[in-house]
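Descriptive analysis of the structure
Letter by letter, the chains look like this.
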Amino acid sequence: MGGGHWVRGIVDEIVRRGDERIVIHTGKTPSGPIHIGAEREQFICSAIQRELERRGLESTFNFIIDSYDPIKSIPAGLKVPKGFEDELGKPLSAVPDPFGCHGSYAHHFADEFIKCQPEFGLSPNIVYSHELYTKPAMKDAIRTVLMKLDQLKAIRRKYLHLPEEDGTADDWNPVMVVCEKCGRIASMKKEVIPNKLDSWDLERDELTYTCSVCGYKGQGKIRNLSLKLSWRVDWSAKWAVFRVTCEPAGKDHCVKDGAYDMGLEVCQEIFGYRGPLRVSYEWLTLGEHAMKTHKGITFTPLEWLKIAPPEALRYLILGADPMRHISFLPERIPDIVDNFDRLERVYYGIETPPPSEDIVYLRDLYALCVREKPHESAPARLPYRFAATIVQLESILGRDKVLAKSVEYAARLHGKPVLSEHEAADVAGRLSMASNWVNLYAPAQAKFKISAGELDFRISDEAERKFVYSVAGLLERDLSELDLQNGIFETARSLGIETGKAFAVLYRILIGSDRGPRLAPLLLALDREWVVKRLKSTIE
């Protein structure tokens, strides 16, 4: 027996902190389509919350939408109306939705991400930063920053390795102002240049500023002006305002003397709060490419849900230690779903893992992967590879027969006379996902077409004839997928036929090609009598 999932150690540390209220935070800037890499942070928070709940501890999970950040560029591949470049420099919450279906650019891309989260078993409190900055607590954080600005500058110089300056030469200020005239918060021409704060009077609660874009000189009360803190200070302020217990962050922010270290010192020294427990995590990449919204390199949660169950993404992410890099390619979906299904069989005692695997860890992992709580008994699942095979037979079987055969196969596989309504719906869902995967992402060798017509093909080699006859016999025995696959291997071996050559013979008979999808699911997906007849027609 082992020690269980890695999240237990994180929760042990949270419990030792002894916070009166446990608050878990994560956030994302909706600068374009939000990719599945953002789910790593979400799922870590979700896992922490579930482990706390298992121990009888309540917690709050907040998801901050950084909608007050300026739009810096238009993501590659994003179609926008003519003249949209004029919006650069405005807060994302003030930029119109280029698709015209939401109140702003920020809301469009945030909403696309947020709407998927319940499917993944997530229901965080959604906090938009442009709304948060109108609250008294954030206004007070801005006043605190201005009051302790010299101390804050010294901390910043230390972490950014800037030369020591006298008080008059260092004019950096983290308070950004949305221009009352042009609506921009920063200039984006060559680099990001925030609107400059010229003066402030905390006794009168007033400040003056100059817009870096249009040159407008404005003034007003802190409580009335649209103000924001630059991101490192903003991060610390939110930690203090929400009294955050734990916030995961990417490895780049968590290096020694990096943004997280600076944030903690700012939080402690400027805002008087000790700051959260740090959980560092590695990237989830699209193959070898880091997913970057501005470069148009994304794969979104919505795209995932079209081709795979949500539990499988939780498995992909939570099955890896946070500091282990995850490389994802859509063509690997069948492997990922198959591995999740295996985890489910282990959880319910249907399959026994080898001694090298930690059964406690696997059971903990499964409980973290399902959307809510595990069912009392194992649900009957349709294997994804079978689904990806049978959906390609719709042209010869018809949609209704594809569904009926799939439901029958899932029931037989799990020893059930009939599937429940929920299980039948799950089968239909997997067929739909597999169909999308085949059409959008499947590699060439996973795709095929079968001609229902007569074959003009005969086998003359005696060993190959015996092999094909034996495979026809295996199909008449109603074997499981695994037993059928193993039986084909053993038959080829016993007849002295190289495995690759033996499989090529069967693929030529079935799909007219030397290669194809995994053989056993293909044979089982087809009508058995038709396959047997087709095989025997090549040797008679």
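Residues numbered from 1 in each chain as written. Predicted model: local features only at pLDDT ≥ 70, side-chain atom pairs only at ≥ 80, totals over all residues. Heavy atoms only, no water.

Observations regarding the pairing of strand E3 (residues 125–128)
- For strand E2 (residues 60–65) and E3, the ladder comprises four bridges, and the chain directions are parallel. When the sheet's bridge partners are listed, Ile65 is paired in E3 with Tyr128.
- A crossover connection joins E2 to the parallel E3 through helix H3 (residues 105–116); in handedness this β-α-β unit is right-handed. (Pairing = 2+ DSSP bridges. Helix = DSSP H or I, 4+ residues; strand = E, 2+ residues; numbered from the N terminus. Right-handed = clockwise from strand over helix to strand, strands pointing away.)

Points about the packing of aromatic side chains
- Tallied over the full model, the rule gives 22 aromatic pairs.
- Aromatic pair Tyr347 and Tyr348: ring centres 5.0 Å apart, planes at 80 degrees, arrangement edge-to-face. Each member of the pair, Tyr347 as well as Tyr348, is classed as buried.
- Connected via pairs of aromatic rings, a cluster forms that spans Phe84, Phe99, Tyr105 and Phe109.
- Against the face of Phe43 rests Arg314, its NZ or CZ located 5.2 Å from the ring centre.
- Directly above the aromatic system of Tyr347 lies the positively charged group of Arg363, at a separation of 4.5 Å from the ring centroid. (Phe/Tyr/Trp six-rings, centres within 6.5 Å; stacked < 30°, edge-to-face > 60°. Buried < 20%, exposed > 50% of the residue type's maximum accessible area, 1.4 Å probe, protein only. Lys NZ or Arg CZ within 6 Å of the ring centre and 35° of its normal.)

Some details on the environment of Glu119
- Mapped onto the secondary structure, Glu119 falls in the loop between H3 and E3.
- Between the alpha carbons of Glu119 and Pro301 there is a distance of 9.7 Å; along the sequence they are 182 residues apart.
- Other than its neighbours up to four places away in sequence, Glu119 contacts Leu305, Pro310 and Arg371.
- Among the polar contacts listed, one links the side chain of Glu119 to the side chain of Arg371, at a separation of 3.4 Å. (Contact = heavy atoms within 4.5 Å. Polar contact = N/O pair within 3.5 Å; in protein donor to acceptor, adjacent residues only side chain to side chain.)

Concerning the layout of surface pockets
- By volume, the second largest pocket amounts to about 650 Å³.
- What lines the second largest pocket is a set of 20 residues, among which Arg345, Glu351, Pro383, Leu413 and Glu481 lie closest to the centre.
- Only helix H12 (333–347), helix H16 (399–413) and helix H19 (481–494) provide two or more residues apiece to the lining of the second largest pocket.
- With six residues, H12 is the single largest residue contributor to the lining of the second largest pocket.
- Looking at the lining of the second largest pocket residue by residue, the classes come out as seven nonpolar, three polar and ten charged. (1 Å grid on protein atoms, 1.4 Å probe; cavity = no way out; pocket = protein on both sides within 12 Å on 5 of 7 lines; lining within 4 Å. Points joined across faces, edges and corners; volume = space filled by probe spheres on them. Nonpolar A, V, L, I, M, F, W, Y, C, P; charged D, E, K, R; others polar.)

Brief notes about the sheet that holds strand E7 (residues 196–201)
- Here three strands make up an open sheet; going across it, the order is E7-E8-E9 and the pairing antiparallel. The open sheet has two free edges, formed respectively by E7 and strand E9 (217–221), since each of these has just one partner strand. Within the sheet, the average angular offset between the axes of one strand and its neighbour, ignoring direction, is 20 degrees. (Axes fitted to C-alpha atoms, helices over the stretch in contact; angles between N-to-C directions.)

Brief notes about unusual backbone geometry
- Residues other than glycine seldom take positive phi values, yet Asp205 does so here, at roughly 60 degrees.
- Counting through the fold element by element, Asp205 comes out in the loop between E7 and strand E8 (206–210).
- Overall, the relative accessible area of 9% leaves Asp205 in the buried class.
- Positioned with a positive phi, Arg243 is a non-glycine residue whose angle comes to about 55 degrees.
- Structurally, Arg243 is set in the loop between helix H7 (231–242) and strand E11 (246–250).

Brief notes about the pattern of salt bridges
- On inspection of all chains with the given rule, the structure shows 37 salt bridges.
- With a closest N to O distance of 2.8 Å, Arg143 and Asp140 form a salt bridge. You can see Arg143 and its partner Asp140 sitting in helix H5 (residues 136–147), three residues apart, about one turn around the helix.
- Classification of Arg143 by relative accessible area gives partly exposed; the value is 22%.
- Looking at Asp140, the relative accessible area reads 42%, which means it is partly exposed.
- Between Glu476 and Lys536 there is a salt bridge, with the nearest N and O atoms lying 3.7 Å from each other. In this pair, Glu476 is assigned in the loop between helix H18 (462–475) and H19 and Lys536 in helix H22 (residues 528–537), connecting sequence segments 60 residues apart.
- A relative accessible area of 46% means that Glu476 is categorised as partly exposed.
- In this structure Lys536 comes out as partly exposed when scored by relative accessible area, which is 23%. (Salt bridge = Lys/Arg side-chain N within 4 Å of Asp/Glu carboxyl O.)

Considering the nonpolar core
- Judged by nonpolar contacts, the single largest core of 109 residues is most densely connected at Ile48, Trp304, Phe328 and Ile488.
- If you tally residues by element for this core, the top one is helix H20 (residues 499–511), at eight residues.
- Excluding anything up to four places from it in sequence, Phe328 contacts Ile36, Leu284, Thr285, Leu286, Gly287, Phe299, Trp304, Leu316, Ile333 and Ile336. (Core = buried A, V, L, I, M, F, W, Y, C linked by side-chain atoms within 4.5 Å.)

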